[in-house]
Amino acid sequence: MALTPEDEKRRHGRNRAIALALAAFVILIFVGSVVKMTNGVIPQMDVEIGR
Amino acid sequence: MMSDITYSSDEGSLAASRQASAGDYFALLKPRVMSLVLFTGLIGVIVAPGTIHPAMAVIALICIAVGAGASGAMNMWFDADIDAVMERTQQRPIPKGRITPQEALTFGLFLSAASVFTMGLLVNLAAAGLLAFTIFFYVVVYTMWLKRLTVQNIVIGGAAGAFPPVIGWAAVTGGLELPAWTMFLLIFLWTPPHFWALALFRSGDYARADVPMLPVVHGEKSTRRQIVGYSFLMFAASFAPLYFGIGGVAYLAGAALLGAVFLFVAFMLLREREGTYRWAGRLFGFSIFYLFVLFALLPFGPALMQAG
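Everything in this summary refers to the structure shown in the same document. Note that the structure is predicted; figures quoted are calculated from it, not measured. (Residues numbered from 1 in each chain as written. Chains lettered and ligands numbered in written order. Predicted model: local features only at pLDDT ≥ 70, side-chain atom pairs only at ≥ 80, totals over all residues. Heavy atoms only, no water.)

**Quick look at the overall build of chain A**
Looking only at helices and strands, chain A has 1 helix and 0 strands in total. A total of about 4,500 Å² of accessible surface is found on chain A, and carbon and sulfur atoms cover 64% of it. (Helix = DSSP H or I, 4+ residues; strand = E, 2+ residues; numbered from the N terminus. Areas by Shrake-Rupley, 256 points an atom, 1.4 Å probe, with all protein chains shown as cover.)

This is the structure we're talking about:
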C-alpha cells in the first residue's frame with residue numbers, strides 16, 4: 001500500500017530519529033569506555049584461548 | 001491480568017497502519033515523568049559523597065532517564081485498554097492507534113536492556129541492579145499487579161518513582177548507603193498526596209476504567225483525610241536528609257516553609273465541600289513545585305549535621 005505524503009514524512013522523521021539515537025548510543029559507549037580505560041580499567045580476558 | 005474493558009485491536013491495528021512519528025515514540029517515554037526522575041537522579045549524584053568523572057555522571061543520568069522512559073512505554077503497553085477509556089490518557093499514541101501495543105512493548109524492552117547493560121558496563125553494578133529492579137517494580141509490581149488489584153496501588157507502586165535519587169547516589173559510591181534512602185522516603189511519602197489529589201478530580205476517569213483508586217473505592221472524604229495524613233508524614237520525613245548531613249540551612253528553611261504551605265493546602269482540601277476540586281487542583285500543582293524546589297535545595301550547604 002502506497003504511503004501518503006504525510007506518512008512518508010513521518011517515516012523519514014522516525015528513521016532519522018532512530019539513526020541519531022543509535023549513533024548517540026555508540027558515542028555513549030565509546031566515551032564511557034575511553035573514560036574507564038584512562039582511569040586504568042582495562043578489560044582483560046580471564047581465560048586462555050586457543051589451547 | 002488485563003481488565004474487562006476491551007481495547008479494540010482491530011481498530012488499533014487499522015489506525016496503526018498510519019506511520020508513527022518520532023514524537024509518538026517520544027511520548028511513550030512519558031517525558032514529564034522522565035524530567036522529574038532525571039532531576040531527582042541528578043540530585044542523588046550531586047549529594048553523594050565521593051567523586052565521579054563528569055562523563056560517567058552524564059552516562060548514569062542518561063541510563064536513569066532511558067530506564068524510566070522504558071518503564072513508561074511498557075506501562076502504556078499493558079494499560080492500553082484503560083488508557084483508551086480515560087479522558088486524561090486517550091491522546092496517548094496507543095489509544096490513538098499510532099503505535100501498536102506490541103511495538104510499545106518491544107521499544108520498552110529494548111530500552112530497558114540497553115539502559116541497564118550500559119549502566120552495568122560503564123558505571124557500576126549497584127546502580128545497574130537498582131535500575132533493573134526499579135523498572136521491574138514499576139512494570140510488573142505496580143502496573144501489572146497492584147494497579148488494578150488494590151486501593152494501595154500508588155502507595156506501594158510509588159516506590160518506583162522514589163528510587164532514582166538512590167540510583168544516582170549508587171552511581172557515585174557504588175553502594176546503597178542509608179543516607180540515600182532519606183531521599184527515597186521523601187518521594188515515597190510525597191506520592192500518595194500528589195497522586196490522590198489528581199485522582200480526586202479524575203475519579204470519574206478511574207471509575208470508568210475500573211481502576212481501584214482511593215476516591216473511587218473509599219470515597220472523597222476518606223481520600224482527603226488520607227492526603228492530610230500522608231502530608232504530615234512527608235513533612236516529617238523531609239527533615240531526615242539533614243540528619244545525615246545532606247542539605248543545609250537553605251534546605252531546612254525550604255522544607256519548613258514549603259512543607260507548611262503543603263500542609264495548609266492539604267487542610268484546605270480537607271475542608272473543601274465534596275464535589276469541588278479547587279484545592280485538589282492546587283495541591284496537585286503545588287506538590288510538583290514542592291518536590292522540585294526541595295530537591296534543588298538539597299545540594300546547598302554547609303551541612304547542618306555531620307555526615308555519618
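**Here we look at the overall build of chain B**
The helix and strand inventory of chain B stands at 16 helices and 0 strands. For chain B, whose C-alpha radius of gyration is 20 Å, the value lies close to the compact-globule estimate of 19 Å for 308 residues. Expressed as lengths along the three principal axes of its C-alpha atoms, the size of chain B is roughly 60 × 55 × 30 Å. Per-residue burial over chain B gives 55% buried out of 308 residues. Considering only contacts in chain B between residues 6 or more positions apart, those separated by 24 or more positions represent 77%. Carbon and sulfur atoms make up 68% of the accessible area of chain B, which totals about 12,900 Å². Each charge sign in chain B was given a centre, from 18 positive and 15 negative side chains, and these centres are 10 Å apart. (Rg over C-alpha atoms; globule rule 2.2 N^0.38 Å. Buried < 20%, exposed > 50% of the residue type's maximum accessible area, 1.4 Å probe, protein only. Contact = heavy atoms within 4.5 Å. Lys, Arg positive; Asp, Glu negative; His and termini not counted. Charge placed at Lys NZ, Arg CZ, Asp CG, Glu CD.)

**Observations regarding the interface of chain A and chain B**
Each partner contributes to the interface: chain A provides 16 residues, whereas chain B provides 18 residues. Both faces combined, the contact of chain A with chain B buries some 1,500 Å², and carbon together with sulfur accounts for 66% of it. When the buried surface of chain A facing chain B is broken down by residue, Arg10(A), Arg14(A) and Leu28(A) rank first, second and third, together holding 40% of it. Where chain A meets chain B, there are 1 salt bridge. (Buried area = accessible area lost by both parts, 1.4 Å probe. Salt bridge = Lys/Arg side-chain N within 4 Å of Asp/Glu carboxyl O.)

Everything listed here is a matter of coordinates, which is why it stays silent on function.
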